Amino acid sequence: MTPIVKVDRGNFDSIYRRAFERFLLELAQQCAIEEERISLERTGRKPSVLIKEVQLSGEYPDTAFRIKTYDRIRKLEHEDWQPIWRHSEWFDKDMKLLCEPEQIVSYTLMWARGG
């Protein structure tokens, strides 16, 4: 007979948060590529600030997007961090999601480009 294993809710929440962070990362990476493609298609040129890399950095509650950009006009590479869990417009006090993941990603990419 298989023993009954008690589930640690804290561990489950940790697993859920990490999976959600990886989902946001994948979404951000794909959106950065798509935004560049759309800009090229509409205007005939790439955006002036390119998203070179998006990664995750840190651990909950300090997990952040680590974003490397390249400003084609100023020929300047920049790296910065955008926290994920610290935005009250994205999460309530119990860390429940208040907006769509796409909103988090679009805001983050816009911020990274200087918008």
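Above this text is the structure in question.
Residues numbered from 1 in each chain as written. Predicted model: local features only at pLDDT ≥ 70, side-chain atom pairs only at ≥ 80, totals over all residues. Heavy atoms only, no water.

Focus on the pairing of strand β3 (residues 76-83)
Then, in step 1: Bridging between strand β2 (residues 64-71) and β3 involves 8 bridges; their strand directions are antiparallel. By the bridge assignment, Tyr70 is partnered in β3 with Glu77.
Then, in step 2: As consecutive antiparallel partners, β2 and β3 are separated by 4 residues, and within that stretch Lys75 has a phi angle of approximately 50 degrees, a positive value. (Pairing = 2+ DSSP bridges. Helix = DSSP H or I, 4+ residues; strand = E, 2+ residues; numbered from the N terminus.)

A few points about the side chain of Ser39
Then, in step 1: When you line up the elements, Ser39 lands in helix α1 (residues 9-43).
Then, in step 2: Ignoring anything within four residues of it in the chain, the contact list for Ser39 reads Gly44, Arg45, Lys46 and Pro47. (Contact = heavy atoms within 4.5 Å.)

What about the pairing of strand β1 (residues 49-57)?
Then, in step 1: Direction of pairing for β1 relative to β2: antiparallel, over a ladder of 8 bridges. In the sheet register, Leu56 faces β2, and the bridge partner there is Phe65.
Then, in step 2: The turn linking β1 back onto β2 is made up of 6 residues, and Gly58 within it adopts a positive phi angle of 85 degrees.

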